[in-house]
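Fold and contact review
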Amino acid sequence: MTHDVASSAEPAADTPRRVLLIEDEANIATAIAFILQREGWRVSTHSDGATALEAVDRHAPDVVVLDVMLPGKSGFDILGAIRDGRRPDLPVLMLTAKGQTKDRERAEALGASRFMTKPFSNRDLVDAIDALATARASAGE
Amino acid sequence: MAKSGSTGSRIRERRLALGIRQAHLADQVGISASYLNLIEHDKRPIGGRLLGRLAESLSVDQSALSSEVSEGLLDALRGAGAAHDLDAEALGTAADLARRNPGWARVIVRQGETIEAQARTIEALADRLTHDPALAEAMHELLSTVSVVRSTASILAQTPEIDANWMGRFHANLDADSRRLADGAEAVVSYLDSAVAGGGDHLTPAEVVARFLDANQHSFDAVEEQGAAAIPDLVADLTDPRARRLATAILEADAQDAKRLPRDVVEAATGPDDLLAVAGGDAALVLRRLGVIDPARGLVVTDAAGALLRRKPVEGFPLPIVGAGCPLWPLYQALSQPGRAIVQTIEMPDGAQWVAHAVAAPSAVTRFDGVQTLRATMLLARAARPGVAFPVGPGCRVCPRKDCVARREPSVLPGAEQMEGAGSMTKVPQQAL
């Protein structure tokens, strides 16, 4: 279910930060992974909601990009479990095609660090993930 | 035929001119001779379907029997004007307009109704977009695919040095996703087309049934005469099985009511008090029967959550199509005191006074630990004489009253602010509370 994406997209950073992309749409996962790798991220992808928490524990990412509609367990449930568990400070960017107010409110109530709706621009997504990682790094200093 | 006098006197004039006996005409239109006598002497208001039947039996256009300008037409004209920011002075000329140009007045009203219907269609589609799982899933699929196409196309456009393997992979993805996008778009368009082609298909089952009941003025001769056996034929035209089931349940309840309190008994009564004894003290039954049978009375039934389960409007007392009614209605007061029969004179924002009878009653139980529901029923009739009345409205969204303590949402009427003070709660007479 989880894959470390090959680095043929020529990473630009010396010390790659880690992002876990939990997304069941294979083609969107491929595109996002490619974009992030070019920006220097080390990307792991995971497509199953039911085992997503294990993937979070295993990869110890700096940022999680989390789709809402996943097989097995919804992104909201996964986010809730992350916040209730041992990673309350882990930056989580929620990604969904359902850009409804109630989804955004629910994500915020559960502790999402950021919420983006599909379709999005590649640049906006990269900037959002960068900002989350930078904010976390600053908080940890 | 002379266009003067009351509706009752015109019916009488026309009947006498044709040499038809009162009993014969009453029989033709399915009412008792005594009830027709009351109509002809203006002791019972008349309108809608019964007036249509009388006009048909008297071989005359319905408009020739009704008053010069019907209150319904006037109310609708004023509503259409208020919706387009007409000031109070201009609204005051509605009666003159309708009198001088009745055809144009009806055109204005029809256009207003069309606009309102279209607004409701949009609202219903928006609601469906939010709540219909099939459409939500289709839109999710569409947006997901758009997202892939956009991201992939951006990569190809903005990464000139991309290696051949990645380029081939993204080209293949783009090809597959563009096909998927086309299929998804087609599916959504097809879905929306079917909703439009289905006529009222975009309506909820409750809305379909409300339209069905309104079209029949909530009164079904066949149910009165044949009971529940007539129901399958009556609901046969409702294509949505959920709407059909809902309408059947309502008409079955009406049939039971009709059995307990027959139409001729109700028609002979002058008001709810006359019927309480024969109804065994069941005030809700009395109110439902009068509301269903008498075209001059309105009927509202709500559950404990305040949702309007049945709304039979009456000229001059518009009822909200969407949402709950005015929280100041005796209907809701009754909910807090189940079993207590309430009668109260209320005043609408236009100054018209109405007598409202209301009562709330729990459902029957089949076991002691069963769930009981509570329903309140309100019957509306124009007050015979003006007096002390409790100011209410038709429901916040369509109520022009300002500074109402019970307001829960702003009015959608553009002219609401021009009616300052008309409904200030400082005017509420304490004895009315």
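Residues numbered from 1 in each chain as written. Chains lettered and ligands numbered in written order. Predicted model: local features only at pLDDT ≥ 70, side-chain atom pairs only at ≥ 80, totals over all residues. Heavy atoms only, no water.

1. Structural notes on the sheet that holds strand 1 (residues 298-303) of chain B
All names here are of chain B. Here is the rule: At least two bridges found by DSSP between two strands is the condition for calling them paired. By definition, any uninterrupted DSSP run of H or I lasting at least four residues is a helix, any uninterrupted run of E lasting at least two residues is a strand, and each is numbered from the N terminus.
Ordered by their spatial adjacency, six strands build an open sheet running 2-1-5-4-3-6, and the pairing between neighbours is mixed. Among the strands making up the open sheet, the edge pair consists of strand 2 (308-312) and strand 6 (390-391). In the sheet, strand 1 pairs with strand 5 (residues 374-382) via six bridges, with the strands oriented antiparallel. Note on strand 5: the bridge partner recorded for Asp303 is Arg375.

2. Some thoughts on the interface of chain A and chain B
Our working definition: A contact between two residues is defined here by any heavy atoms of the two lying within 4.5 Å. Take the accessible area each of two parts loses on contact, using a 1.4 Å probe, and add the two losses: that sum is the buried area. For this analysis, a salt bridge means a side-chain nitrogen from Lys or Arg found within 4 Å of a carboxyl oxygen belonging to Asp or Glu. Here a polar contact is recorded for every N or O atom pair within 3.5 Å, except that within protein the pair must consist of a potential hydrogen donor and a potential acceptor, and residues adjacent in sequence are included only if both atoms are side-chain atoms. Gly is placed with the polar residues, together with every amino acid not listed as nonpolar (Ala, Val, Leu, Ile, Met, Phe, Trp, Tyr, Cys and Pro) or charged (Asp, Glu, Lys and Arg).
Each partner contributes residues to the interface: chain A has 20 residues there, and chain B has 25 residues. Of the roughly 2000 Å² buried between chain A and chain B on both sides combined, carbon and sulfur atoms contribute 56%. It is Asn27, Phe34 and Pro119 of chain A that lose the most area in chain A upon contact with chain B, and together they represent 26% of the buried surface on that side. In this structure, the connection of chain A to chain B is made through two salt bridges. The interface formed by chain A and chain B includes four residue pairs in polar contact (both at pLDDT 80 or more). Ranked by residue count, the leading element in the side of chain A that touches chain B is helix 1 (residues 26-38) of chain A, at seven residues. Residues of the side of chain A that touches chain B, tallied by class, amount to nine nonpolar, six polar and five charged.

3. Notes on the pairing of strand 1 of chain B
Residues and elements named next belong to chain B. Defined as follows: Each residue is assigned to one of three classes by its accessible area relative to the maximum for its type, calculated with a 1.4 Å probe on protein chains only: buried under 20%, partly exposed between the two thresholds, exposed over 50%.
Judged by how many residues are buried, strand 1 sits mostly within the fold: five of six residues are covered. Two strands pair when backbone bridges link them, and strand 1 and strand 2 are joined in this way by four bridges, in the antiparallel orientation. Residue pairing across strands places Val300 opposite Arg311, the latter belonging to strand 2. Between strand 1 and strand 2, which pair antiparallel in sequence order, lie four residues; one of them, Gly306, sits at a positive phi of approximately 90 degrees.

4. Details of empty space enclosed by the protein
Think of a ball as big as a water molecule: rolled over the atoms, this probe shows where empty space is left. All names here are of chain B. Applied cut-off: A 1.4 Å probe that fits but cannot get out identifies a cavity on a 1 Å grid over protein atoms alone, an open set with protein on both sides within 12 Å along at least five of seven lines counts as a pocket, and a residue lines either if it has an atom within 4 Å of a point. Grid points are joined across faces, edges and corners, and a volume is the space filled by probe spheres set on the points.
Per the counting criterion, the structure on display carries five cavities of 30 Å³ or more. By volume, the largest cavity amounts to about 160 Å³. Elements that contribute at least two residues to the lining of the largest cavity include exactly helix 4 (48-57), helix 16 (263-268) and helix 18 (283-293). Of all the elements, helix 4 adds the most residues to the lining of the largest cavity, at three residues. Counted by class, the lining of the largest cavity contains six nonpolar, three polar and six charged residues. Quantified by volume, the second largest cavity comes out at close to 70 Å³. Every residue along the wall of the second largest cavity is listed here: Cys326, Pro327, Leu328, Val392, Gly393, Gly395, Cys396, Cys399, Arg401, Cys404, Ala406 and Arg407.

5. Section: the UniProt feature "modified residue: 4-aspartylphosphate" (unreviewed entry) in chain A
Inclusion rule: UniProt positions are given in the numbering used here, feature names are shortened, and annotations may be inferred rather than shown by experiment.
Taking the UniProt record as the reference, the feature "modified residue: 4-aspartylphosphate" (unreviewed entry) is found at Asp67 of chain A. With respect to the helices and strands, the residue Asp67 of chain A is situated in strand 4 (residues 63-67).

6. Side note on helix 3 (residues 33-40) of chain B
Residue and element names in this part refer to chain B. Note the threshold: Relevant arc is that of directions from the helix axis to the C-beta atoms, nothing else.
Buried within helix 3 are the following residues: Tyr35, Leu36, Ile39 and Glu40. Looking straight down helix 3, one finds its buried side chains confined to an arc of 140 degrees; they lie on one side. Contacts from the buried residues of helix 3 go to helix 1 (7-18), helix 2 (22-29), helix 4 and helix 16.

7. A few points about the pattern of salt bridges
Residue and element names in this part refer to chain B. Inspection of every chain in the model, using the stated rule, returns 25 salt bridges over all chains. Residue Arg15 is joined to Glu40 by a salt bridge in which the shortest nitrogen-to-oxygen separation is 2.7 Å. Of this pair, Arg15 sits in helix 1 while Glu40 sits in helix 3, and the two are 25 residues apart along the sequence. With respect to class, Arg15 is no different from Glu40; both count as buried. The residue Arg289 makes a salt bridge to Glu224 at a minimum N-O spacing of 2.7 Å. You can see Arg289 sitting in helix 18 and its partner Glu224 sitting in helix 13 (residues 221-226), a full 65 residues away along the chain.

8. Quick look at unusual backbone geometry
Here the residue pair Lys118 of chain A and Pro119 of chain A is connected by a cis peptide bond, since its omega of 0 degrees sits within 30 degrees of zero. The topology assignment puts Pro119 of chain A in the loop between strand 6 (114-117) and helix 5 (122-140). At Gln217 of chain B, a residue that is not glycine, the phi angle is positive and equals roughly 50 degrees. As for its position among the elements, Gln217 of chain B is in the loop between helix 12 (205-215) and helix 13.

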